[in-house]
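Chain and residue survey
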Amino acid sequence: MGRTPHPLAGKPLELADTLRSGNAWKIRLACGYMGLPIARRTFDIVQGDLETEAFARINPWRQVPALLTPEGEWLAESQAILWYLGQGTPWLPADRLAQARVSSWLSFEQTQHMHAFAQPRLLIHLRRTARADDPAMRAWRETGMKAAAWMDAHLAGRTYLVGTAPTIADIALFPYTSMAAEGGYDLSGFAHIDAWLARMRALPGFTPLIETA
Ligand SMILES: N[C@@H](CCC(=O)N[C@@H](CS)C(=O)NCC(=O)O)C(=O)O
(Lines give C-alpha, C1' and ligand atoms only; values in the text may rest on other atoms or scores of the structure.)
Protein backbone atom coordinates (compact mmCIF):
# COMPACT_ATOMS: atom_id res chain seq x y z
CA MET A 1 0.00 0.00 0.00
CA GLY A 2 1.19 3.55 -0.69
CA ARG A 3 4.27 4.62 -2.57
CA THR A 4 5.98 6.48 0.28
CA PRO A 5 8.77 4.38 1.75
CA HIS A 6 8.04 2.99 5.19
CA PRO A 7 9.84 5.03 7.90
CA LEU A 8 11.56 1.81 9.04
CA ALA A 9 12.56 0.68 5.52
CA GLY A 10 16.09 -0.68 5.46
CA LYS A 11 16.35 -0.85 9.26
CA PRO A 12 16.91 -4.14 11.07
CA LEU A 13 13.88 -5.76 12.71
CA GLU A 14 13.88 -9.03 14.61
CA LEU A 15 10.90 -10.86 16.06
CA ALA A 16 10.92 -13.19 19.04
CA ASP A 17 8.12 -15.63 18.30
CA THR A 18 6.96 -19.22 18.39
CA LEU A 19 6.03 -21.20 15.32
CA ARG A 20 2.25 -21.03 15.75
CA SER A 21 1.68 -17.98 17.95
CA GLY A 22 -1.29 -15.97 16.71
CA ASN A 23 -0.06 -12.88 18.54
CA ALA A 24 3.31 -13.15 16.80
CA TRP A 25 1.56 -13.80 13.47
CA LYS A 26 0.08 -10.30 13.76
CA ILE A 27 3.60 -8.88 13.56
CA ARG A 28 4.63 -11.05 10.62
CA LEU A 29 1.41 -10.08 8.83
CA ALA A 30 2.11 -6.40 9.47
CA CYS A 31 5.67 -6.64 8.16
CA GLY A 32 4.49 -8.51 5.07
CA TYR A 33 1.76 -5.98 4.27
CA MET A 34 4.13 -3.06 4.94
CA GLY A 35 6.95 -4.56 2.87
CA LEU A 36 9.35 -4.76 5.82
CA PRO A 37 11.70 -7.76 5.97
CA ILE A 38 11.90 -9.20 9.49
CA ALA A 39 14.22 -11.79 11.01
CA ARG A 40 12.71 -14.41 13.32
CA ARG A 41 14.08 -15.84 16.56
CA THR A 42 11.70 -18.73 17.13
CA PHE A 43 11.27 -20.20 20.62
CA ASP A 44 9.60 -23.40 21.80
CA ILE A 45 7.25 -22.96 24.77
CA VAL A 46 6.98 -26.72 25.40
CA GLN A 47 10.79 -26.98 25.65
CA GLY A 48 10.72 -24.25 28.32
CA ASP A 49 12.48 -21.65 26.16
CA LEU A 50 10.42 -18.78 27.64
CA GLU A 51 11.49 -19.70 31.19
CA THR A 52 15.18 -19.07 30.63
CA GLU A 53 17.10 -16.06 31.92
CA ALA A 54 18.06 -15.26 28.33
CA PHE A 55 14.38 -14.95 27.40
CA ALA A 56 13.63 -12.81 30.47
CA ARG A 57 16.03 -10.25 28.98
CA ILE A 58 13.87 -10.22 25.83
CA ASN A 59 10.56 -10.01 27.69
CA PRO A 60 10.42 -10.28 31.50
CA TRP A 61 6.69 -11.07 31.09
CA ARG A 62 7.84 -14.26 29.34
CA GLN A 63 5.57 -14.04 26.35
CA VAL A 64 5.96 -13.71 22.62
CA PRO A 65 5.86 -11.63 20.53
CA ALA A 66 8.63 -9.19 21.23
CA LEU A 67 10.27 -7.01 18.61
CA LEU A 68 13.92 -6.00 18.61
CA THR A 69 13.65 -2.47 17.24
CA PRO A 70 16.29 -0.61 15.25
CA GLU A 71 16.90 1.40 18.46
CA GLY A 72 18.19 -1.88 19.92
CA GLU A 73 15.37 -2.34 22.43
CA TRP A 74 13.00 -5.24 22.85
CA LEU A 75 9.35 -4.16 22.67
CA ALA A 76 6.68 -6.52 24.07
CA GLU A 77 2.92 -6.79 23.46
CA SER A 78 1.52 -7.37 19.98
CA GLN A 79 -0.64 -4.25 19.90
CA ALA A 80 2.24 -1.99 20.97
CA ILE A 81 4.40 -3.54 18.26
CA LEU A 82 1.68 -3.02 15.64
CA TRP A 83 1.43 0.60 16.74
CA TYR A 84 5.21 0.99 16.49
CA LEU A 85 5.22 -0.47 12.97
CA GLY A 86 2.12 1.39 11.82
CA GLN A 87 3.18 4.92 12.75
CA GLY A 88 3.82 7.17 9.78
CA THR A 89 1.95 4.82 7.42
CA PRO A 90 -1.67 4.47 6.27
CA TRP A 91 -1.92 1.40 8.53
CA LEU A 92 -2.27 3.80 11.47
CA PRO A 93 -4.31 6.82 10.32
CA ALA A 94 -3.12 10.19 11.59
CA ASP A 95 -6.69 11.49 11.94
CA ARG A 96 -7.46 11.84 15.67
CA LEU A 97 -10.78 10.01 15.69
CA ALA A 98 -9.71 7.28 13.27
CA GLN A 99 -6.61 6.65 15.38
CA ALA A 100 -8.72 6.41 18.53
CA ARG A 101 -11.03 3.96 16.78
CA VAL A 102 -8.03 1.82 15.87
CA SER A 103 -7.01 1.87 19.53
CA SER A 104 -10.52 0.88 20.50
CA TRP A 105 -10.38 -2.24 18.31
CA LEU A 106 -6.93 -3.13 19.66
CA SER A 107 -8.36 -3.04 23.18
CA PHE A 108 -11.39 -5.01 22.06
CA GLU A 109 -9.12 -7.71 20.70
CA GLN A 110 -7.20 -8.05 23.96
CA THR A 111 -10.13 -7.83 26.35
CA GLN A 112 -13.12 -9.39 24.56
CA HIS A 113 -11.70 -11.47 21.75
CA MET A 114 -8.18 -12.88 21.93
CA HIS A 115 -8.37 -15.18 24.96
CA ALA A 116 -11.77 -16.56 23.96
CA PHE A 117 -10.32 -17.67 20.63
CA ALA A 118 -6.71 -18.41 21.61
CA GLN A 119 -7.41 -20.60 24.66
CA PRO A 120 -9.62 -23.24 22.99
CA ARG A 121 -7.26 -23.30 20.00
CA LEU A 122 -4.29 -23.82 22.32
CA LEU A 123 -5.91 -26.56 24.39
CA ILE A 124 -7.89 -28.41 21.70
CA HIS A 125 -5.69 -28.02 18.64
CA LEU A 126 -2.12 -27.36 19.77
CA ARG A 127 -1.79 -29.10 23.14
CA ARG A 128 -4.67 -31.57 22.63
CA THR A 129 -5.44 -31.54 26.35
CA ALA A 130 -9.12 -30.58 25.92
CA ARG A 131 -12.00 -31.74 23.76
CA ALA A 132 -14.10 -29.40 21.70
CA ASP A 133 -17.23 -30.21 23.73
CA ASP A 134 -15.63 -29.75 27.18
CA PRO A 135 -17.72 -27.29 29.24
CA ALA A 136 -14.76 -24.94 29.65
CA MET A 137 -14.24 -24.85 25.88
CA ARG A 138 -17.95 -24.20 25.33
CA ALA A 139 -17.75 -21.33 27.81
CA TRP A 140 -14.83 -19.75 25.92
CA ARG A 141 -16.78 -20.09 22.70
CA GLU A 142 -19.87 -18.45 24.20
CA THR A 143 -17.72 -15.41 24.97
CA GLY A 144 -16.02 -15.55 21.58
CA MET A 145 -19.27 -15.84 19.67
CA LYS A 146 -20.44 -12.59 21.24
CA ALA A 147 -17.25 -10.88 20.08
CA ALA A 148 -17.68 -12.38 16.61
CA ALA A 149 -21.29 -11.18 16.45
CA TRP A 150 -20.18 -7.63 17.29
CA MET A 151 -17.48 -7.76 14.64
CA ASP A 152 -19.86 -9.15 12.05
CA ALA A 153 -22.47 -6.47 12.73
CA HIS A 154 -19.81 -3.77 12.53
CA LEU A 155 -18.44 -5.11 9.25
CA ALA A 156 -21.87 -5.11 7.58
CA GLY A 157 -21.60 -2.50 4.83
CA ARG A 158 -17.93 -1.83 5.63
CA THR A 159 -14.76 -3.05 3.97
CA TYR A 160 -12.44 -2.80 6.97
CA LEU A 161 -12.86 -2.18 10.70
CA VAL A 162 -11.89 1.52 10.60
CA GLY A 163 -12.42 3.72 7.55
CA THR A 164 -12.12 2.45 4.01
CA ALA A 165 -8.54 1.14 4.06
CA PRO A 166 -7.00 -1.64 6.16
CA THR A 167 -5.35 -0.62 9.43
CA ILE A 168 -3.45 -2.33 12.21
CA ALA A 169 -6.87 -2.97 13.79
CA ASP A 170 -7.66 -5.40 10.96
CA ILE A 171 -4.25 -7.01 11.37
CA ALA A 172 -4.82 -7.42 15.13
CA LEU A 173 -8.19 -9.12 14.69
CA PHE A 174 -7.23 -11.33 11.75
CA PRO A 175 -5.16 -14.18 13.24
CA TYR A 176 -7.42 -15.55 15.95
CA THR A 177 -10.61 -14.91 13.97
CA SER A 178 -9.18 -16.76 10.99
CA MET A 179 -8.06 -19.73 13.13
CA ALA A 180 -11.34 -19.96 15.06
CA ALA A 181 -12.20 -23.43 13.72
CA GLU A 182 -9.11 -24.83 15.47
CA GLY A 183 -10.82 -23.96 18.75
CA GLY A 184 -14.06 -25.67 17.72
CA TYR A 185 -15.79 -22.50 16.52
CA ASP A 186 -18.25 -22.43 13.67
CA LEU A 187 -18.26 -18.87 12.29
CA SER A 188 -20.06 -19.87 9.09
CA GLY A 189 -23.07 -17.76 10.07
CA PHE A 190 -20.98 -14.57 9.95
CA ALA A 191 -20.88 -13.66 6.26
CA HIS A 192 -19.35 -10.21 6.83
CA ILE A 193 -16.46 -11.67 8.81
CA ASP A 194 -15.97 -14.25 6.10
CA ALA A 195 -15.77 -11.61 3.37
CA TRP A 196 -13.40 -9.48 5.50
CA LEU A 197 -11.09 -12.47 6.13
CA ALA A 198 -11.00 -13.09 2.37
CA ARG A 199 -10.15 -9.42 1.75
CA MET A 200 -7.31 -9.58 4.26
CA ARG A 201 -5.93 -12.75 2.64
CA ALA A 202 -6.08 -11.09 -0.79
CA LEU A 203 -4.08 -7.97 0.20
CA PRO A 204 -0.55 -7.74 -1.27
CA GLY A 205 2.08 -9.03 1.13
CA PHE A 206 -0.23 -11.41 3.04
CA THR A 207 1.89 -13.79 5.13
CA PRO A 208 0.52 -17.23 6.05
CA LEU A 209 1.00 -18.55 9.59
CA ILE A 210 3.30 -21.27 8.35
CA GLU A 211 5.40 -20.22 5.40
CA THR A 212 6.34 -22.97 3.01
CA ALA A 213 9.42 -22.63 0.83
N1 LIG B 1 -1.04 -9.58 25.41
C2 LIG B 1 0.00 -10.30 24.75
C3 LIG B 1 -0.33 -11.77 24.77
C4 LIG B 1 0.85 -12.60 24.26
C5 LIG B 1 0.61 -14.08 24.42
O6 LIG B 1 -0.40 -14.55 24.97
N7 LIG B 1 1.57 -14.84 23.91
C8 LIG B 1 1.52 -16.28 24.00
C9 LIG B 1 1.73 -16.91 22.64
S10 LIG B 1 0.46 -16.48 21.51
C11 LIG B 1 2.64 -16.73 24.91
O12 LIG B 1 3.74 -16.22 24.83
N13 LIG B 1 2.35 -17.68 25.77
C14 LIG B 1 3.31 -18.22 26.66
C15 LIG B 1 2.89 -18.08 28.06
O16 LIG B 1 2.06 -17.20 28.37
O17 LIG B 1 3.42 -18.85 28.87
C18 LIG B 1 0.18 -9.80 23.33
O19 LIG B 1 -0.82 -9.35 22.73
O20 LIG B 1 1.29 -9.85 22.80
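Not measured: the values here are computed from a predicted model.

Cut-off values and rules
- Residues numbered from 1 in each chain as written.
- Predicted model: local features only at pLDDT ≥ 70, side-chain atom pairs only at ≥ 80, totals over all residues.
- Heavy atoms only, no water.
- Axes fitted to C-alpha atoms, helices over the stretch in contact; angles between N-to-C directions.
- Helix = DSSP H or I, 4+ residues; strand = E, 2+ residues; numbered from the N terminus.
- Parallel < 35°, antiparallel > 145°, perpendicular 65-115°, else oblique.
- Left-handed = near helix turned anticlockwise from the far one by under 90°.
- Contact = heavy atoms within 4.5 Å.
- Nonpolar A, V, L, I, M, F, W, Y, C, P; charged D, E, K, R; others polar.
- Phe/Tyr/Trp six-rings, centres within 6.5 Å; stacked < 30°, edge-to-face > 60°.
- Buried < 20%, exposed > 50% of the residue type's maximum accessible area, 1.4 Å probe, protein only.
- Lys NZ or Arg CZ within 6 Å of the ring centre and 35° of its normal.
- Polar contact = N/O pair within 3.5 Å; in protein donor to acceptor, adjacent residues only side chain to side chain.
- Near = heavy atom within 4 Å.
- Areas by Shrake-Rupley, 256 points an atom, 1.4 Å probe, with all protein chains shown as cover.
- 1 Å grid on protein atoms, 1.4 Å probe; cavity = no way out; pocket = protein on both sides within 12 Å on 5 of 7 lines; lining within 4 Å.
- Sits in = over half its atoms within 2 Å of the grid points.
- Domains from an automatic or database assignment.
- UniProt positions renumbered as here; feature names shortened; annotations may be inferred.
- Core = buried A, V, L, I, M, F, W, Y, C linked by side-chain atoms within 4.5 Å.

**A word on the packing of helix 1 (residues 22-34) against helix 6 (residues 168-178)**
Relative to each other, helix 1 and helix 6 sit at 135 degrees, their axes nearing to 9 Å. Accordingly, the angle class assigned to the pair helix 1 and helix 6 is oblique. Remark: the crossing between helix 1 and helix 6 carries right-handed chirality. For the pair helix 1 and helix 6, contact is made by Gly 22, Asn 23, Trp 25, Lys 26, Leu 29, Ala 30, Tyr 33 and Met 34 and by Ile 168, Ile 171, Ala 172, Phe 174, Pro 175, Tyr 176 and Ser 178, respectively. Class assignment of the residues belonging to the contact of helix 1 with helix 6 gives a composition of eleven nonpolar, three polar and one charged.

**Here we look at the packing of aromatic side chains**
Taken as a whole, this structure holds ten aromatic pairs when the rule is applied. With 6.5 Å between their ring centres and 70 degrees between their planes, Trp 25 and Phe 206 make a pair best called edge-to-face. A residue pair is termed long-range when its members are at least 10 positions apart, and Trp 25 in helix 1 and Phe 206 in the segment after helix 7 (191-202) qualify at 181 residues. A relative accessible area of 5% places Trp 25 in the buried class. When its relative accessible area of 23% is taken as the criterion, Phe 206 is described as partly exposed. Taken together, the ring pairs in this structure connect Trp 25, Tyr 33, Trp 91, Phe 174, Trp 196 and Phe 206 into an aromatic cluster. Sitting above the plane of the Tyr 160 ring, Arg 199 keeps its charged end 6.0 Å from the centroid.

**Concerning the side chain of Ser 78**
Note on placement: Ser 78 falls in helix 3 (residues 78-86). The exposure class of Ser 78 is buried, given its relative accessible area of 2%. Of note is the side chain of Ser 78, whose polar atom sits 3.0 Å from the side chain of Lys 26. Those residues in contact with Ser 78 that lie beyond four places of it in its chain are Asn 23, Lys 26, Ile 27, Pro 65 and Gln 110.

**Topic: the site of the ligand**
Close contacts around the ligand come from Ser 21, Asn 23, Ile 45, Leu 50, Gln 63, Val 64, Pro 65, Glu 77, Ser 78, Gln 110, Met 114 and Tyr 176, and that covers them all. Here Asn 23 contributes a side-chain N or O atom positioned 3.5 Å from an oxygen atom of the ligand. Look at the ligand: alone it shows 510 Å² of surface, and the protein chains cover 77% of it. Put simply, the ligand lies in the largest pocket. Each of domain 1 (14-86) and domain 2 (96-202) accounts for three or more of the residues forming the shell around the ligand.

**Some thoughts on the UniProt feature "domain: GST N-terminal" (unreviewed entry) in the chain**
Under the present numbering, the feature "domain: GST N-terminal" (unreviewed entry) in UniProt falls on residues 11-93. The span residues 11-93 is 34% helical and 19% strand by assignment, and the distance between its end C-alpha atoms comes to 22 Å.

**Regarding the nonpolar core**
Counting 52 residues, the largest nonpolar core has Leu 85, Ile 168, Ile 171 and Trp 196 as the members making the most contacts within it. Among the elements that make up this core, the one with the highest residue count is helix 4 (residues 96-126) (nine residues). Two domains each provide a minimum of three residues to this core, namely domain 1 (14-86) and domain 2 (96-202). With sequence-adjacent residues up to four places away left out, Trp 196 is seen in contact with Met 151, Leu 155, Thr 159, Tyr 160, Leu 161, Asp 170, Leu 173, Phe 174 and Thr 177.

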